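Below are the chains, spelled out letter by letter.
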Amino acid sequence: AAIIDGHKFGTATVHAGCELDSIGTVVPPITLSTTFAQSFPGKKPGIDDVNSHGTGFFYSRQANPTRGALERALFKLEQAKHCCVFGSGLAATSAVIHLLNSGDRVLALNDLYGGTTSYFRDVASSTHGIKFDFIDMSDLSVVEASIKSDTKLIWLETPTNPLLKTTDIAAIVAIAKKYNLLVAVDSTFMSPYLQNALSIGADIVVHSVTKYIAGHSDVLMGAVLANRDDIIKRLKVIQEKVGAVPSPFECYLALRGLKTLKIRMDVAQSNAQAIAELLEKHPMVEKVVYPGLKSYEQYDIARRQTRGPGAMIAMYIKGGLPIAGRFLQELKIFELAVSLGAVESLACSPAIMTHGAVPKEDREKIGLTDSLIRLSVGIEDQGDLLVDLKQALDTVQKEFEQQQ
């Protein structure tokens, strides 16, 4: 387990960013003010306040005490030097792309969150002139051969969304260093509890705070973390000038959710392990992809660079979309909804619901077929979840056998 300031992760999550202020506030206050009074023109208050990151307070787009407390908590737990939070995970992603110049090239995984792929293809490429190459990074020789003279950044998700592929971060970093490239890792599926890519050599880590960090499906937010001063200096400019910042209330909610990250993740991944083992044995399931199973293709890499398998599962069901759809309808506890990483269990059909904007040919080429179902396992009673999945599978098995 990670040790942070001499304490284990579970202790650090409760106290990070929540140091007592001058009046002994145990929970950081929600500072709603958009502007801050100056004692003399140009003399900003709060220069010495840790939540202003040394800049003082001027206008809440530039810095806010509640946002600053969350950013400090996140960079401490991610074992980073700096953090900038944004109004969504995609806003955080776009901030990283803003580090590049028109004409620069990004080498990206071909299995990414659909929103990221769509942003890269439909906005960053067409509007900002950034070029993207999407490849399978499991073969390191292919990664190196795909680097071009204008490549500036390698973009990873690990594990990926929705196929749960694990990429060897250390190996990609070693290649990137040979060519002086930046490496950005979207670590949303793992959270700071289970994976710290900066410690493995990545330059930038991105999180959709909406997911495991906030953990209750009631916050929309993203975060970018880094150790290099030059990167974070530029990100802070982007954060202020673009202005895609979260509200103080959302920052408060995220900070509150963060306190229970460890206990939520411990329960969720224990549930996920039991569910994955159940699914592997059911005759209606063709394949289960979960980092905690020994059948997982990148099992050794996952164990080496993470502290646990997480709570996301990909499964392929027999019968294609008609049976997949019926299975999802039959679930009683798992809600049929997009998103992930919250206390409640969710299930979805990625080909239709989260990656519909990705061309079908591209989807199917990487295994993102109509038979794929993504499960985000929550913290409900494990027995109840197992019963729910089994009854849904048993129901569709009867329908499937009648069709044969």
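Here the structure is a predicted model, which is why all the values come from computation and not from measurement.

Turning our eyes to something else, we now look at the overall build of the protein. Scanning the protein from terminus to terminus reveals 16 helices and 14 strands. Since a compact globule built from 404 residues should have a radius of gyration of about 22 Å, the 22 Å found for the protein is in line with a globular shape. Seen through its principal axes, the protein has C-alpha atoms that stretch 80 × 50 × 35 Å. Pairs at least 24 residues apart make up 71% of the contacts formed inside the protein by residues separated by at least 6 positions. Just so you have it, the protein exposes about 16900 Å², and 54% of that area is on carbon and sulfur atoms. For the protein, the centre of its 41 positive side-chain charges and the centre of its 44 negative side-chain charges are spaced 5 Å apart.

In this model, the largest pocket occupies a volume close to 430 Å³. Its residues assigned to classes, the lining of the largest pocket shows nine nonpolar, eleven polar and four charged. Looking at the second largest pocket, it is lined by 16 residues, and the ones nearest its centre are Leu163, Lys287, Val288, Val289 and Glu297. At five residues, strand S10 (residues 285-289) tops the list of elements feeding residues into the lining of the second largest pocket.

What the seven strands build is an open sheet, ordered S3-S9-S8-S7-S6-S4-S5; its pairing is mixed. Edge strands, defined here as strands with exactly one partner in the open sheet, are strand S3 (82-86) and strand S5 (131-135). Geometrically, the sheet is characterised by an average inter-axis angle of 20° between neighbouring strands, direction not taken into account. In terms of strand pairing, strand S6 (residues 151-157) meets strand S7 (residues 182-186) through five bridges, oriented parallel. Across the sheet, Trp155 pairs through a bridge with Ala184, a residue of S7. Against the sheet, helix H2 (residues 65-77) contacts S3 and strand S9 (222-226), and its axis sits at roughly 130° relative to S3.

Quick look at the pattern of salt bridges now. Here the idea is simple: oppositely charged side chains can pair when their charged atoms come close. Counting across every chain of the model gives 19 salt bridges. Across the salt bridge formed by Asp133 and Lys148, the nearest N and O atoms sit 3.3 Å from each other. Of the two residues, Asp133 sits in strand S5 while Lys148 sits in the loop between helix H5 (140-146) and S6, which places them 15 residues apart along the sequence. Members of the salt-bridge network, linked through shared partners, are Arg105, Lys131, Asp133, Lys148 and Asp150.

On to the side chain of Arg264. Positionally, Arg264 belongs in helix H11 (residues 261-281). It is Glu344 that comes nearest to the buried, bridge-free Arg264 among opposite-charge side chains, at 9.2 Å. Those residues in contact with Arg264, other than ones at most four positions away along the chain, are Tyr212, Ile213, Ala214, Gly215, His216, Gly257, Leu258, Gly341, Val343 and Ile379.

Let's shift gears to the packing of helix H13 (residues 320-330) against helix H16 (residues 382-403). Packing of H13 against H16 leaves a shortest axis separation of 9 Å and a crossing angle of 145°. Between H13 and H16 the crossing geometry is right-handed. Contacts between H13 and H16 involve Ile323, Arg326, Phe327 and Glu330 from the former and Asp388, Leu389, Gln391, Ala392, Leu393, Thr395, Val396, Glu399, Phe400 and Gln403 from the latter. For the contact of H13 with H16, the class distribution of residues is seven nonpolar, three polar and four charged.

What follows deals with the packing of aromatic side chains. By the definition in use, this model includes seven aromatic pairs. On the basis of an interplanar angle of 50° and a centroid distance of 5.9 Å, the ring pair of Tyr119 and Phe120 is categorised as tilted. Residue classification places Tyr119 among the buried positions, given a relative accessible area of 11%. Since its relative accessible area comes to 0%, Phe120 is described here as buried. A cation over an aromatic ring shows up here: Arg121 above the ring of Phe134, its NZ or CZ 4.6 Å from the ring centre.

Turning our attention to the sheet that holds strand S14 (residues 372-376). Think of a sheet as strands paired side by side through backbone hydrogen bonds, with each pair either parallel or antiparallel. Strand order across the open sheet formed by five strands is S10-S11-S14-S13-S12, with mixed pairing between neighbours. Since the sheet does not close on itself, it has two edges, and those belong to S10 and strand S12 (335-336), each with one partner. Judged from the five bridges that link them, strand S11 (residues 312-317) and S14 form a sheet pairing that is antiparallel. Residue pairing in the sheet places Met312 in a bridge with Ser376 of S14.

Further remarks concern the nonpolar core. Counting 126 residues, the largest nonpolar core has Leu74, Ile97, Trp155, Ile313, Ile317, Phe327 and Leu375 as its most contacted members. A total of seven residues in this core trace back to one element, the largest contributor, which is H11. Residues in contact with Ile313, not counting those within four places in the same chain, are Leu164, Ala272, Ile275, Ala276, Leu279, Val288, Val289, Tyr290, Ile373, Arg374, Leu375 and Val377.

Let us now look at the environment of Phe189. Positionally, Phe189 belongs in the loop between S7 and helix H7 (191-194). With 31 residues separating them in the primary sequence, Phe189 and Thr158 have C-alpha atoms 7.5 Å apart. For Phe189, the contacting residues outside a window of four places in its chain are Pro159, Thr160, Asn161, Leu164, Tyr212, Met265, Met312 and Leu340.

Conventions used here
Positions within a chain are numbered from 1, following the residues in the order the chain's sequence is written. Totals for whole chains, interfaces and linings use all residues, but because this is a predicted model, local features are given only for residues with pLDDT of at least 70 and pairs of side-chain atoms are given and counted only at 80 or more. The side-chain numbers reported here are obtained from all heavy atoms of the structure, hydrogens and water having been left aside. Strands here are runs of E lasting at least two residues and helices are runs of H or I lasting at least four, both read from the DSSP assignment and numbered beginning at the N terminus. When we talk radius of gyration, it's over C-alpha atoms, and the globule rule is simply 2.2 Å times the number of residues to the 0.38. In this description, contact between two residues means that some pair of their heavy atoms is separated by no more than 4.5 Å. In this description, accessible areas are obtained by the Shrake-Rupley approach with a 1.4 Å probe, and a residue is regarded as covered only by the protein chains that are shown. Charge assignment: positive for Lys and Arg, negative for Asp and Glu; neither His nor the chain ends contribute. Throughout, a charge is located at the NZ atom of Lys, the CZ atom of Arg, the CG atom of Asp or the CD atom of Glu. Cavities and pockets are defined on a 1 Å grid built over the protein atoms alone: a cavity is a set of grid points where a 1.4 Å probe fits but cannot escape, while a pocket is an open set with protein on both sides within 12 Å along at least five of seven lines, and lining residues are those with an atom within 4 Å of any such point. Grid points are joined across faces, edges and corners, and a volume is the space filled by probe spheres set on the points. Gly falls in the polar group here, along with every residue not listed as nonpolar (Ala, Val, Leu, Ile, Met, Phe, Trp, Tyr, Cys, Pro) or charged (Asp, Glu, Lys, Arg). Two strands are counted as paired when DSSP detects at least two bridges linking them. To define axes, lines are fitted to C-alpha atoms, for helices over the stretch in contact only, and angles between the resulting N-to-C directions are given on a 0 to 180 degree scale. A carboxyl oxygen of Asp or Glu within 4 Å of a side-chain nitrogen of Lys or Arg is what we treat as a salt bridge. Whether a residue is buried, partly exposed or exposed follows from its accessible area with a 1.4 Å probe, protein chains only, as a fraction of its type maximum: under 20%, in between, or over 50%, in that order. The crossing is said to be left-handed when, going from far helix to near helix, the turn is anticlockwise and less than a right angle, and right-handed when the turn is clockwise. Side-chain rings of Phe, Tyr and Trp, where Trp is taken by its six-membered ring, are said to pair if the distance between their centres is within 6.5 Å; with planes under 30 degrees apart they count as stacked, over 60 as edge-to-face, and otherwise as tilted. We count a charge as sitting over a ring when the NZ of a lysine or the CZ of an arginine lies within 6 Å of the ring centre and within 35 degrees of the ring normal. Nonpolar cores were defined as sets of buried Ala, Val, Leu, Ile, Met, Phe, Trp, Tyr and Cys residues, with membership established by side-chain atoms within 4.5 Å.

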